[in-house]
Amino acid sequence: MCKTEAMNKCDILVIGSGAAGLTAALALAETHRVTVLAKGSLTGGSTAWAQGGIAAVLDAGDTFENHVRDTMIAGAGLNRRETVEFVIERAPRSIDRLVELGVPFNTEGADLHLTREGGHSHRRIVHVDDATGWAVQDALLRAARAHPNVTLLPGRACIDLITGRHGEKFSGDGRVWGAYALDEASGRVEAHVARATVLAAGGAGRVYQFSTAPRGATGDGIAMAWRAGARVSNMEMMQFHPTCLYNLEVKNFLITEAVRGEGGHLLHPETGHRYMADYDPERMELAPRDIVARANDDQIKRYGLDYVHLDISHQPPDFVRQHFPTIHEKLQGLGIDMTREPIPVVPAQHYTCGGVVIGLDARTDLPGLWAAGECTESGLHGANRLASNSLLECFVFGEAAARDILAGWDDLPPPPAIREWDESRVTDSDEEVVIKQNWTEIRRMMWNYVGIVRTTKRLERARNRIDLLAQEIEDYYGSFRVTTDLVELRNLHQCADLIVRSALARHESRGLHFTLDYPETDPLARDTVLVP
Ligand code: FAD
Ligand code: SIN
């Protein structure tokens, strides 16, 4: 069936090998052949880095309604209730499935151990010590590797989705037929043609200078879907985690929210004042993440500090070592003993709440394209994600995508003949410095102008910069052979543009979008939906 060696055909293409992509792939592989593409290594997404855990109502004293309420309070009412209920009711089943796959969750007697995080009114976070993501990624990957119907292709950076306009006969119906991907080893661009495509390419955290997200979180999935014609929403809702380690060598190491969940205090580093009492006296350190991140940012700016302190040294040393073995060991290596002294922390970008608009069936606007995980806006998180609801969303919507594709399989048309990638008009780059310069400029500008506290003036400055960079990046993309760095720069720029346009469109402060020019919250919560 292959037209040339640069053309690959499969039943279903999954873009991304994190929690969302592999969940979808495993469910689809029960009956169909699935190819999974990943940029770089198969463990390079955020999933492997997740620390705290997965939220699920498992305790007899807790209820779905409590979890729904906590999610909607954190999300400042912008969540779609139907989605919130859909996800939360499926959480226990998702945990059972992970247990079946061999994820070694911590236990307490016969039950799973539940920890606590900000915004949760109950203990409901299942976890594997403080390295839950790695255990989940490992279990999913082992199952995918063992499955005869799953082909895993790392080192493939998707450049764009294939749509009707890439067919040998032009078709303008917007249907998606797979993706063009750069084989990072050979430098060749391959067409991966499929009847159904699942986009699970993760978030856009690296659009900011300081982020807890891995290097590859450059919003490729969001940018590709947008260019192909899908709506994107709530991109202004960028989540900042309150406690990223402050260290001159290690720039993006997260200190899990569970440290506060297990009793950690936030302190002014000079006076020792437990300042959350001044911002949210009732919930203190366990207020939702947007409130704690803004408090940390405020302390740092108000007192000219480099960082604030997170202190759990009042808990017994064995308790700390037992609950946080990974963090303890990492900090020991940097000369910090968290059982005896406070940890210097700063806020950093952490999660992309907005993304490609999907329904409960994980369908996007484009026929042939489903999406799941951090690249989407499903309605679960609203204006601010509740801690540990994200992995959960990946499992639920990965499954939902698979179910919907399989249910409608017979009605999906077979792909037409697709054109090969055209490189006839490009040469090798002679100035790689352009990529580095623009990448650095975008990330710094987003941090300074589109950060935790915003103003219209700063957002407009950001918009002007983004407009100026647009021509330069498109010229570069049109003239030179693609590399992963170039693919990522183009997507970072695209996402920065979507974030700033969304932020300028929201004339209120809600959840993660806090602007001094519109400090009030409107009575009616509305999504910011951008239409290509
Ligand atoms: P990812 O796991 O990010 O995977 C993205 C995949 O897409 C990767 O395989 C990547 O290679 C691939 N990809 C990207 N671009 C391309 C391209 N152009 N071509 C081909 N492939 C591409 N959430 C929780 O619920 N609980 C937690 O405890 C938690 N802790 C976290 C800690 C950290 C440090 C971070 C950064 C996040 C944490 N989160 C947590 C959030 C959560 O980890 C992520 O939202 C979730 O893992 C996203 O999964 P995903 O499958 O959507 O994407
Ligand atoms: C953390 O462990 O603090 C991160 C949890 C999350 O992002 O949901």
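Shown above is the structure to which this text applies.
Residues numbered from 1 in each chain as written. Chains lettered and ligands numbered in written order. Predicted model: local features only at pLDDT ≥ 70, side-chain atom pairs only at ≥ 80, totals over all residues. Heavy atoms only, no water.

**Student:** Sorry, what's going on with the pattern of salt bridges here?
**Tutor:** Pairing between side chains becomes possible if they bear opposite charge and their charged atoms approach one another. Considering all chains together, one arrives at 40 salt bridges under this definition. Between arginine 156 and glutamate 190 there is a salt bridge, with the nearest N and O atoms lying 3.1 Å from each other. Taken as a pair, arginine 156 in strand E9 (residues 156–163) and glutamate 190 in strand E11 (residues 189–199) lie far apart in primary sequence, 34 residues in all. Of the two residues, arginine 156 and glutamate 190, neither departs from the other in class, the shared state being buried. The closest approach of N and O atoms between arginine 302 and aspartate 298, which form a salt bridge, is 2.8 Å. In this pair, arginine 302 and aspartate 298 both sit in helix H9 (residues 289–302), 4 residues apart, roughly one turn of the helix. (Salt bridge = Lys/Arg side-chain N within 4 Å of Asp/Glu carboxyl O. Helix = DSSP H or I, 4+ residues; strand = E, 2+ residues; numbered from the N terminus. Buried < 20%, exposed > 50% of the residue type's maximum accessible area, 1.4 Å probe, protein only.)

**Student:** Which parts of the structure should I look at to understand the state of the cysteines?
**Tutor:** Two cysteines joined by a covalent bond between their sulfur atoms form a disulfide. Tallied over the full model, the rule gives 0 disulfides. Free cysteine cysteine 353: the closest other cysteine sulfur is in cysteine 394, separated by 13 Å. Not engaged in a disulfide, the cysteine cysteine 394 finds its nearest cysteine sulfur in cysteine 375; these two sulfurs lie 8.8 Å apart. Given a relative accessible area of 8%, cysteine 394 falls into the buried group. (Disulfide = S-S within 2.5 Å.)

**Student:** How do you make sense of the sheet that holds strand E16 (residues 343–352) when you look at a structure like this?
**Tutor:** Two modes of strand pairing occur in sheets, parallel and antiparallel, and in both the strands are linked by backbone hydrogen bonds. Strand order in the open sheet formed by 4 strands is E13-E16-E15-E14, and the pairing between neighbours is antiparallel. Strands with a single pairing partner mark the edges of an open sheet, and in this sheet they are strand E13 (238–245) and strand E14 (265–267). Strand-to-strand twist of the sheet, defined as the mean angle between neighbouring strand axes without regard to direction, takes the value 45 degrees. As defined by bridge partners, strand E15 (residues 308–311) adjoins E16 across 3 bridges and the pair is classed as antiparallel. (Pairing = 2+ DSSP bridges. Axes fitted to C-alpha atoms, helices over the stretch in contact; angles between N-to-C directions.)

**Student:** Just to check I follow, could you spell out the site of ligand 2 for this structure?
**Tutor:** Near ligand 2 you find Gln51, Gly52, Glu117, His241, Leu254, Thr256, Glu257, Arg289, His350, Arg385, Ala387 and Ser388, and these make up its full shell. Histidine 350 is positioned with one of its side-chain polar atoms (N or O) 2.6 Å from an oxygen atom of ligand 2. At a separation of 2.6 Å, an oxygen atom of ligand 2 approaches a polar backbone atom of serine 388. Looking at side-chain class alone, the shell around ligand 2 contains 2 nonpolar, 6 polar and 4 charged residues. (Near = heavy atom within 4 Å. Polar contact = N/O pair within 3.5 Å; in protein donor to acceptor, adjacent residues only side chain to side chain. Nonpolar A, V, L, I, M, F, W, Y, C, P; charged D, E, K, R; others polar.)

**Student:** Explain empty space enclosed by the protein here, please?
**Tutor:** Tallying each qualifying case throughout the model produces 2 cavities of 30 Å³ or more. Empty space within the largest cavity amounts to approximately 50 Å³. Taken together, Gln51, Gly52, Thr115, His127, Asp129, Asp130, Thr256, Ala258, Glu262, His323 and Phe324 make up the full set of residues lining the largest cavity. Grouping the amino acids of the lining of the largest cavity by side-chain chemistry returns 2 nonpolar, 6 polar and 3 charged. There is about 40 Å³ of room inside the second largest cavity. What lines the second largest cavity is Met238, Phe240, Asp290, Ala293, Arg294, Ile452 and Leu512. Of all the secondary-structure elements, those providing two or more residues to the lining of the second largest cavity are E13 and H9. Counting residues per element, the lining of the second largest cavity draws most heavily on H9, which supplies 3 residues. Split into classes, the residues belonging to the lining of the second largest cavity amount to 5 nonpolar, no polar and 2 charged. (1 Å grid on protein atoms, 1.4 Å probe; cavity = no way out; pocket = protein on both sides within 12 Å on 5 of 7 lines; lining within 4 Å. Points joined across faces, edges and corners; volume = space filled by probe spheres on them.)

**Student:** Please clarify how the environment of glycine 102 should be interpreted in this entry.
**Tutor:** Mapped onto the secondary structure, glycine 102 falls in the loop between helix H4 (91–100) and strand E4 (107–108). The partly exposed category is assigned to glycine 102, whose relative accessible area is 40%. Each C-alpha atom of the pair glycine 102 and alanine 135 lies 8.9 Å from the other, and the pair is 33 residues apart in sequence.

**Student:** I keep staring at the pairing of E9 and nothing clicks. Help me out?
**Tutor:** Regular strands show a simple pattern: their side chains alternate between the two faces of the sheet. With 8 of its 8 residues buried, E9 lies for the most part within the structure. Where E9 and strand E10 (residues 176–183) come together, 6 bridges link them in antiparallel fashion. Residue pairing across strands places threonine 163 opposite valine 176, the latter belonging to E10.

**Student:** What's the story with the packing of aromatic side chains in this structure? I'm lost.
**Tutor:** Remark: the centre distance and the inter-plane angle together describe each pair of aromatic rings, the angle taken between the planes. Here the structure, examined in full by the defined rule, presents 8 aromatic pairs. Note on tyrosine 208 and phenylalanine 240: the rings are 5.3 Å apart at their centroids and 75 degrees apart in plane angle, and the pair reads as edge-to-face. With tyrosine 208 in the loop between E11 and helix H6 (220–228) and phenylalanine 240 in strand E13, this residue pair connects regions lying 32 residues apart in the sequence. Phenylalanine 240 matches tyrosine 208 in its accessibility class, with the two residues each being buried. Arranged with centres 5.0 Å apart and planes meeting at 80 degrees, the rings of phenylalanine 210 and tryptophan 447 form a pair that is edge-to-face. Here phenylalanine 210 is found in the loop between E11 and H6, whereas its partner tryptophan 447 is found in helix H13 (residues 433–449), with 237 residues between them in sequence. Taken together, the aromatic side chains of Tyr208, Phe210, Phe240 and Trp447 make up a single cluster linked through ring pairs. A cation sits over an aromatic face here: arginine 490 above tyrosine 477, 3.7 Å from the ring centre. (Phe/Tyr/Trp six-rings, centres within 6.5 Å; stacked < 30°, edge-to-face > 60°. Lys NZ or Arg CZ within 6 Å of the ring centre and 35° of its normal.)

**Student:** So what exactly am I meant to see when it comes to the site of ligand 1 here?
**Tutor:** Taken together, 37 residues surround ligand 1, and among them Thr47, Gly53, Asp220, Glu374 and Ser390 come closest. Measuring from an oxygen atom of ligand 1, one finds a backbone N or O atom of glycine 52 at 2.9 Å. Here a nitrogen atom of ligand 1 and a backbone polar atom of glycine 53 are 2.7 Å apart. When ligand 1 sits alone it has 1,000 Å² of accessible area, and the protein chains cover 97% of it. Where the shell around ligand 1 is concerned, the elements lending two or more residues are helix H1 (19–28), E9, E16 and helix H12 (390–407). Grouping the constituent residues of the shell around ligand 1 by class yields 16 nonpolar, 16 polar and 5 charged. (Areas by Shrake-Rupley, 256 points an atom, 1.4 Å probe, with all protein chains shown as cover.)

**Student:** Would you mind showing me how to read helix H5 (residues 132–146) here?
**Tutor:** Helical geometry: 3.6 residues make up each α-helical turn, so side chains three or four residues apart lie on a common side. The first and last C-alpha atoms of H5 sit 22 Å apart over 15 residues, in line with the 21 Å expected at 1.5 Å per residue. Listed as buried for H5 are Thr132, Gly133, Ala135, Val136, Gln137, Ala139, Leu140, Leu141 and Ala144. Residues of H5 that are buried sit in contact with H1, strand E3 (54–55), H4, strand E7 (125–126), strand E8 (150–153) and H12. (Expected span 1.5 Å × (residues − 1). Contact = heavy atoms within 4.5 Å.)

In short, the description is geometric, and any link to function would need to be established separately.
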